[in-house]
Structures are given as structure tokens and as C-alpha cells.
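Structural description and commentary
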Amino acid sequence: MKEIKFLFVALFVAFLPIMFTSCGQRNGADDITIVGKWEVKEAIRAYYFVNDKENLFESESYEVGQVWEFTKDGKLMVSDVADTFTYTVSNNVLTTNYATTHYSELAKFFLIEEYTADLLKLSVHYREKDKVGERDVTNTLTFSRLVE
């Protein structure tokens, strides 16, 4: 039964971009202009252990205070990280190699959950495993645009 429940959750997460693309305030990718500097105001890491999906754990993540700069030529710089990353935006999905470097190899796609001229809310979903156990994780980052 737990395998069926996990399969349902995995399919639901896989179809989230499709569901959000078909509705909402945006009319397409042209409405999403993330070029510029954004400061992380809130970063929540929520997870549950695969073998115990009844208990959800939440904590504030380390990203609060980071500044992410998206350039017109598809580059992403993060204030406390030396590397430069790439990104693309298509409909409500931000694809970047930052996620694969800092979260999980499976976390290539941030879902753009909310976007206005001054607010950007992203979430990334992935599975991680270590000696403590296997977890399904969702990181949600809420940004405010910095005025230059």
C-alpha cells in the first residue's frame, strides 16, 4: 500500500508543472522576467522519511540572506558560492545546474510557484539518502527583488 501511495505522490509531483501551466495569472514564459538580483527572504526545508510518511519535519534552510543574480545571458550567480551556474525558464519551471550541485542530482527543476515583479517563490523536490535513512525533500525558497 505504501508503494502505491509513493507512486501516486511521485506522479503528482511529476505532473505539477503541467497543472500549473494550464492555469494561473501568467500568460506564458514571456511574463516571467527573473533577470536581476533576488534576495532569499525565507527558505523552508520539509521532508519525511520514506518508511514513515506520517511525520513531516520542517526547518529553516541555510539559504536565507543569499542573493541570486540571474543575467540576461542565462547565467546564475549565488552570493556565497564561487561557481557560476546556468538557468533557463520555460512556462513555470526554472531549470538550473545549481540545484543538481547543491541539492541532489535529481533536483534540476525548480517549480515557480508564485511570481510577481517583486516576489519569486520556487520549490524543488528530490530524494536523498544517508546513514540515517531515505527522505523525500521539498525546499521552498521565497525571494524579494532587490532594486538596483
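Preceding this section is the structure that the text describes.
Described below are features of the structure shown in this document. (Residues numbered from 1 in each chain as written. Predicted model: local features only at pLDDT ≥ 70, side-chain atom pairs only at ≥ 80, totals over all residues. Heavy atoms only, no water.)

**Quick notes on the overall build of the protein**
Looking only at helices and strands, the protein has two helices and nine strands in total. Helices and strands in the protein line up, N terminus first, as α-β-β-β-β-β-β-α-β-β-β. Out of the 148 residues belonging to the protein, those deemed buried represent 36%. Of all intrachain contacts in the protein linking residues separated by at least 6 positions in sequence, the fraction that spans at least 24 positions is 49%. By element, 56% of the accessible surface of the protein is carried by carbon and sulfur atoms, the whole surface being about 9,000 Å². (Helix = DSSP H or I, 4+ residues; strand = E, 2+ residues; numbered from the N terminus. Buried < 20%, exposed > 50% of the residue type's maximum accessible area, 1.4 Å probe, protein only. Contact = heavy atoms within 4.5 Å. Areas by Shrake-Rupley, 256 points an atom, 1.4 Å probe, with all protein chains shown as cover.)

**Thoughts on unusual backbone geometry**
One non-glycine residue, asparagine 91, lies in positive phi territory at about 55°. Within the secondary structure layout, asparagine 91 lies in the loop between strand S5 (84–90) and strand S6 (93–96).

**Quick look at the packing of aromatic side chains**
Within this structure, the stated rule accounts for eight aromatic pairs. With 6.0 Å between their ring centres and 80° between their planes, phenylalanine 49 and phenylalanine 57 make a pair best called edge-to-face. Taking relative accessible area as the criterion, phenylalanine 49 reaches 17% and is therefore assigned buried. According to the relative accessible area criterion, phenylalanine 57 is partly exposed, its value standing at 35%. Ring geometry for tryptophan 68 and phenylalanine 143: centres 5.0 Å apart, planes at 65°, overall edge-to-face. (Phe/Tyr/Trp six-rings, centres within 6.5 Å; stacked < 30°, edge-to-face > 60°.)

**Topic: the environment of threonine 116**
Following the sequence through the fold, threonine 116 ends up in the loop between strand S7 (109–115) and strand S8 (119–129). In the structure, threonine 116 is positioned 84 residues away from isoleucine 32 in sequence and 8.2 Å away in space, judged by C-alpha atoms.

**Focus on the pattern of salt bridges**
All told, the structure shown has six salt bridges when counted by the stated rule. For arginine 45, the salt bridge is made with glutamate 128, and the minimal N-O distance between the two is 2.2 Å. Taken together, the positions of arginine 45 in strand S1 (residues 36–49) and glutamate 128 in strand S8 put the pair 83 residues apart, joining distant regions of the chain. Under the relative-accessibility criterion, glutamate 128 is labelled buried at 18%. (Salt bridge = Lys/Arg side-chain N within 4 Å of Asp/Glu carboxyl O.)

**Notes on the environment of tyrosine 126**
One can find tyrosine 126 in strand S8. Between the alpha carbons of tyrosine 126 and tyrosine 47 there is a distance of 9.6 Å; along the sequence they are 79 residues apart.

**Details of the nonpolar core**
The biggest cluster of nonpolar side chains holds 26 residues, and the ones touching the most others in it are Ile34 and Trp68. Within the residue set of this core, elements represented by two or more residues are S1, strand S3 (67–70), strand S4 (75–78), S5, S7, S8 and strand S9 (134–145). Of all the elements, S1 adds the most residues to this core, at five residues. When neighbours within four sequence positions are excluded, tryptophan 68 is seen to be in contact with Gly36, Lys37, Trp38, Val40, Leu76, Met77, Val78, Tyr98, Phe110, Leu122, Leu141 and Phe143. (Core = buried A, V, L, I, M, F, W, Y, C linked by side-chain atoms within 4.5 Å.)

Function cannot be read off these values alone, since they describe shape.
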